[in-house]
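Observations on chain architecture
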Amino acid sequence: MCRLVLKHGPGMGGWIKNRMTDEEVLAEFRAAGALLEGHFILSSGRRSANYLQCARVLMNAERAGRLARAIVQKLPRELRQEIDLVVSPAMGGLIIGHEVGRALDKDAVFLERPEGTFELRRGFAIVPGQKVLMVEDVVTTGLSSRQAIEAVEADGGIVIAEASLVDRSAGEVDLGVPFYPLVSINFPVYEAEEVPPELAAVPAIKPGSRKQ
Ligand SMILES: O=P(O)(O)OC[C@H]1O[C@H](OP(=O)(O)OP(=O)(O)O)[C@H](O)[C@@H]1O
Ligand SMILES: O=C(O)c1cc(=O)[nH]c(=O)[nH]1
Ligand SMILES: [Mg+2]
């Protein structure tokens, strides 16, 4: 059940407001078969029995749009008004970044790391001084986010905030900029050498694309 749904037509100077509770967001993941259980090697190399497969939750364009509008609703109004450009780290950030760009009516570009370091390619560029909203699918240790923020700042952009679908650090991560996750979760995460025996007994898979 939506906590708040207010609809304004564009002619009234407003836009569709689409807030979602944590339970509603998790219901979207469940409905998409995106809340996985098993033994997962995360981007950081850490291990978990739980994985949020954001690509599955975003494979439906209508759902992706709804989640992106809910993310935008989490941003303070003054911050929303400052955003010039949305940037997201590929692969995971790409679809949600695009949809957040649509909800904000701003361009959305993405960073790639073909050589291991994030960079803008494909003719994407940042005008020095442009104010950027970084958008990720999921943040666990925050390393990918911090590296993406560094890449934007190296190109002269100013990252004014980050938003994501999921914060797996349950509020612990420090990205150096204000962070607005749609939902915060605290699934247990283990160092590779500290995996409990019941998890070690399950063959590990690595769903993400980062090279260690
Ligand atoms: O906060 P962190 O510990 O950095 O983990 C989160 C990152 O891990 C995943 O990406 P991954 O590197 O698996 O690659 P992908 O986006 O190409 O799937 C996810 O999309 C985030 O970018
Ligand atoms: O930390 C990660 O790599 C990660 C965790 C998760 O639950 N989902 C995801 O896509 N990546
Ligand atoms: Mg990623």
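Our structure is the block above this text.
Anyway, here's the lowdown on the structure attached to this text. (Residues numbered from 1 in each chain as written. Chains lettered and ligands numbered in written order. Predicted model: local features only at pLDDT ≥ 70, side-chain atom pairs only at ≥ 80, totals over all residues. Heavy atoms only, no water.)

1. A few points about the overall build of the protein
Broken down by element type, the protein carries seven helices and 10 strands. The C-alpha atoms of the protein give a radius of gyration of 17 Å, which matches the 17 Å a tight globule of 212 residues would have. Considered along the principal axes of its C-alpha atoms, the protein spans approximately 60 × 45 × 30 Å. By residue count, 45% of the 212 residues in the protein fall in the buried class. Considering only contacts in the protein between residues 6 or more positions apart, those separated by 24 or more positions represent 61%. Summed over all atoms, the accessible surface of the protein reaches about 10800 Å², with 52% contributed by carbon and sulfur. For the protein, the distance from the average site of its 25 positive side-chain charges to the average site of its 28 negative ones is 5 Å. (Helix = DSSP H or I, 4+ residues; strand = E, 2+ residues; numbered from the N terminus. Rg over C-alpha atoms; globule rule 2.2 N^0.38 Å. Buried < 20%, exposed > 50% of the residue type's maximum accessible area, 1.4 Å probe, protein only. Contact = heavy atoms within 4.5 Å. Areas by Shrake-Rupley, 256 points an atom, 1.4 Å probe, with all protein chains shown as cover. Lys, Arg positive; Asp, Glu negative; His and termini not counted. Charge placed at Lys NZ, Arg CZ, Asp CG, Glu CD.)

2. With respect to the site of ligand 2
Taken together, the residues surrounding ligand 2 are Leu42, Ser43, Tyr51, Leu52, Val138, Thr140 and Arg168. In the environment of ligand 2, a nitrogen atom lies 2.8 Å from a nitrogen or oxygen atom belonging to the backbone of Leu52. The separation between an oxygen atom of ligand 2 and a polar side-chain atom of Arg168 is 2.8 Å. When isolated, ligand 2 has an accessible area of 290 Å², and the protein chains bury 91% of it. Here ligand 2 occupies the largest pocket. In terms of residue class, the shell around ligand 2 is made up of four nonpolar, two polar and one charged. (Near = heavy atom within 4 Å. Polar contact = N/O pair within 3.5 Å; in protein donor to acceptor, adjacent residues only side chain to side chain. 1 Å grid on protein atoms, 1.4 Å probe; cavity = no way out; pocket = protein on both sides within 12 Å on 5 of 7 lines; lining within 4 Å. Sits in = over half its atoms within 2 Å of the grid points. Nonpolar A, V, L, I, M, F, W, Y, C, P; charged D, E, K, R; others polar.)

3. A closer look at the pattern of salt bridges
Within the structure shown, the criterion is met by nine salt bridges. The shortest N-O distance in the salt bridge between Arg66 and Glu62 comes to 2.8 Å. Here the residue Arg66 and the residue Glu62 both occupy positions in helix α3 (residues 61-74), the gap between them amounting to four residues, near one helical turn. Note on Arg66: relative accessible area 22%, which makes it partly exposed. Ionic pairing is found between Glu112 and Arg122, a salt bridge with its closest N-O pair at 2.7 Å. Taken together, the positions of Glu112 in strand β6 (residues 108-112) and Arg122 in the loop between β7 (119-120) and β8 (131-139) put the pair 10 residues apart, joining distant regions of the chain. (Salt bridge = Lys/Arg side-chain N within 4 Å of Asp/Glu carboxyl O.)

4. Brief notes about the side chain of Asp167
Within the secondary structure, Asp167 sits in strand β9 (residues 158-167). Buried charge without a partner: Asp167 forms no salt bridge, and the closest opposite charge is Arg168, 8.2 Å away. At a separation of 2.8 Å, a polar atom in the side chain of Asp167 contacts the main-chain amide nitrogen of Gly171. Not counting the four nearest positions on each side in its chain, Asp167 is found in contact with Val139, Val173, Phe179, Pro181, Val183, Ser184 and Ile185.

5. Brief notes about the site of ligand 1
Neighbouring residues of ligand 1: 18 residues in total, closest Glu136, Asp137, Thr141, Ser144 and Ser209. Thr141 places a polar side-chain atom, nitrogen or oxygen, 2.5 Å from an oxygen atom of ligand 1. Contacts to ligand 1 include Gly142, whose backbone N or O atom sits 2.7 Å from an oxygen atom. Taken atom by atom, the bulk of ligand 1 overlaps the largest pocket. Of all elements in the fold, only β8 and α6 (143-154) reach the threshold of two or more residues within the shell around ligand 1. For the shell around ligand 1, the residue count by class is five nonpolar, nine polar and four charged.

6. Details of the layout of surface pockets
If you add up the space inside the largest pocket, you get close to 690 Å³. What lines the largest pocket is a set of 33 residues, among which Tyr51, Gly92, Asp137, Val138 and Gly208 lie closest to the centre. Those elements that place two or more of their residues in the lining of the largest pocket are β4 (47-52), α2 (54-57), α5 (92-104), β8 and α6. (Points joined across faces, edges and corners; volume = space filled by probe spheres on them.)

7. Considerations on α3
Each α-helix turn comprises 3.6 residues. Residues three or four places apart therefore point the same way. In this model α3 runs 20 Å from its N-terminal to its C-terminal C-alpha over 14 residues, within 8% of the 20 Å that 1.5 Å per residue would give. Here α3 starts with a cap whose side-chain oxygen sits 3.1 Å from the backbone nitrogen of Glu62, and that cap is Asn60. (Expected span 1.5 Å × (residues − 1).)

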